[in-house]
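Given next are the chains, with one letter for each unit.
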Amino acid sequence: MTTKISQIVFALPQYFLPHHLLSRIMQAITHSTQKTWKNILIKVFCQTYQVNLDDAEQPDIEGYTSFNDFFTRALKPGKRPTSRNSESIVCPADGMISQIGFLKNGRLLQAKGRDYGIVDLVGGDEKTAAPFVDGCFATIYLSPRDYHRLHMPETGTLKKMIHIPGRLFSVNTATTAVIPNLFTRNERVIAVFDTTIGPMALVLVGAIFVSSIETVWHGVVTPPTQNTIRQWNYDSKTGPRQLVRGEEMGRFNMGSTIIVLFGKQTVHWLEGARAGKNVMVGEDLGYKMHGDDSKLILESAT
């Protein structure tokens, strides 16, 4: 495995940082409603990351109550249309494909030369992991400049949500290349759905300065961060919640990564869906497989 010195220099000091303390400080800063302060933050951020507000529902920075309000901004209607092909699996986020492909022996590719286990990713629960052991995955990294609302790749009925506490390492390319088992170390929220092609899981991975993760059905899941795994089950008694393909399902309050999981021989990815490709919410990422479509399984795009 080839790892650049610059990646090592960036990643290794993160072992010693007080991740959650820094994130709580960032939360206080980004939620401040002091007008002058939040306007300065937004202007500097837009200049630094070359953020284009033309697509935003609110293009005027004066219209945001806080930096976080700006960061999780809505887009104008129609700016991220969902693919009209009902057989396609659509992209859940604006960002860059970090890795995409198929699990091998229950393991997902994190970066060249590094992989991690599906059981560890879901917090050690083998029953939750079982449908995905021989399945497929797509990992999408959201940079600071991206749209930070997350959408459904496929219509699904919510079955459970799991919050797993952990560290908050950065999830950019440099860190994923250096720190082993990064996505199983970091705090994460997992939402499991039933779909017409079987179980689907969306794993929302926290990262440094991510002040919170929230879902549309629960609101803010974290903070607070606890030392134990929390789980919510949804059934006929709690009122099953169906979210349709392309609908918003959650958001990051600051940037991070989402991992999409499907079962064995249920999805095949587009040939052009490869690591390093920039993607947008609602565009085709792959296609559902039915019956004899197993012959269409593609080799891992990584």
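Undergrad: So, the sheet that holds strand 16 (residues 267-269): which residues are in play, and what are the values?
TA: Note on sheets: strands pair through backbone hydrogen bonds, and any given pair is parallel or antiparallel. If you trace the 3 strands from one edge of the open sheet to the other, you get 1-18-16, paired in antiparallel fashion. Each edge of the sheet is formed by a strand with only one pairing partner; in this case those strands are strand 1 (88-90) and strand 16. For this sheet the average axis-to-axis angle between neighbouring strands, irrespective of direction, equals 35°. Bridge count for strand 16 against strand 18 (residues 284-288) is 3 bridges, and the pairing is antiparallel.

Undergrad: Summarise the packing of aromatic side chains; cite the residues concerned and give the values.
TA: This structure, assessed with the given rule, holds 9 aromatic pairs. Ring centres of Tyr 116 and Phe 183 lie 5.6 Å apart, and the angle between their planes is 70°; on these two criteria the pair is classed as edge-to-face. Of this pair, Tyr 116 sits in strand 4 (residues 114-117) while Phe 183 sits in helix 8 (residues 182-185); the two residues are 67 residues apart in sequence, bridging distant segments of the chain. Residue classification places Phe 183 among the buried positions, given a relative accessible area of 1%. Judged by centre distance (6.0 Å) and plane angle (85°), the rings of Phe 193 and Trp 217 are edge-to-face. Remark: Trp 217 occurs in the loop between strand 10 (212-215) and strand 11 (219-222) and Phe 193 occurs in strand 8 (residues 188-195); sequence separation between them is 24 residues. When its relative accessible area of 0% is taken as the criterion, Phe 193 is described as buried.

Undergrad: Please give an account of the pairing of strand 9 (residues 198-205) that cites residues and values.
TA: Within strand 9, 6 of the 8 residues are buried, leaving the element largely enclosed by the surrounding structure. When strand 8 meets strand 9, the two strands line up antiparallel, connected through 8 bridges. When the sheet's bridge partners are listed, Ile 190 is paired in strand 9 with Val 203. From the end of strand 8 to the start of strand 9, which pair antiparallel, there are 2 residues.

Undergrad: Would you mind going over the pairing of strand 5 (residues 136-141) in detail, with residue names and values included?
TA: Of all 6 residues in strand 5, 6 are buried; the element is thus mostly enclosed. By the alternation rule, side chains of strand 5 split into Cys 136, Ala 138 and Ile 140 and Phe 137, Thr 139 and Tyr 141, which are all buried. Sheet topology note: the strand 2 (residues 95-102)/strand 5 ladder contains 6 bridges and is antiparallel. Across the sheet, Phe 102 pairs through a bridge with Cys 136, a residue of strand 5.

Undergrad: Provide a residue-level description of unusual backbone geometry, including the pertinent values.
TA: Although it is not a glycine, Asn 105 adopts a positive phi angle of roughly 55°. Note on placement: Asn 105 falls in the loop between strand 2 and strand 3 (107-111). Taking relative accessible area as the criterion, Asn 105 reaches 77% and is therefore assigned exposed. With a phi close to 55°, Asn 181 is a non-glycine residue in the positive phi region. Among the structural elements, Asn 181 can be located in the loop between helix 7 (173-178) and helix 8.

Undergrad: I'd like to hear about the confidence of the model for the chain, residue by residue, with values.
TA: When pLDDT is averaged along the chain, the result is 86; 86% of the residues meet or exceed 70. In the predicted structure, residues 294-302 sits below a pLDDT of 50 and forms 24 contacts with residues beyond four places in sequence or in another chain.

Undergrad: Can you break down helix 3 (residues 35-49) residue by residue, with the values?
TA: Over its 15 residues, helix 3 runs 21 Å from end to end, which matches the ideal 21 Å to within 8%, given 1.5 Å per residue. Within helix 3 the residues assigned to the buried category are Lys 38, Asn 39, Ile 42, Phe 45 and Cys 46. Down the axis of helix 3, the smallest arc covering the buried residues is 135°, so these residues share one side. Across from the buried face of helix 3, at angles greater than 90 degrees, the exposed residues are Thr 36, Gln 47 and Thr 48. Where helix 3 is buried, its residues meet helix 4 (67-71). Among the residues of helix 3, the N-terminal cap falls to Gln 34, whose side-chain oxygen and the backbone nitrogen of Thr 36 are separated by 3.2 Å. Directly beyond the C-terminal end of helix 3, a positive phi value near 55° is found at Gln 50.

Rules and cut-offs
- Residues numbered from 1 in each chain as written.
- Predicted model: local features only at pLDDT ≥ 70, side-chain atom pairs only at ≥ 80, totals over all residues.
- Heavy atoms only, no water.
- Pairing = 2+ DSSP bridges.
- Helix = DSSP H or I, 4+ residues; strand = E, 2+ residues; numbered from the N terminus.
- Axes fitted to C-alpha atoms, helices over the stretch in contact; angles between N-to-C directions.
- Phe/Tyr/Trp six-rings, centres within 6.5 Å; stacked < 30°, edge-to-face > 60°.
- Buried < 20%, exposed > 50% of the residue type's maximum accessible area, 1.4 Å probe, protein only.
- pLDDT = per-residue confidence, 0-100.
- Contact = heavy atoms within 4.5 Å.
- Expected span 1.5 Å × (residues − 1).
- Arc of directions from axis to C-beta.
- Polar contact = N/O pair within 3.5 Å; in protein donor to acceptor, adjacent residues only side chain to side chain.

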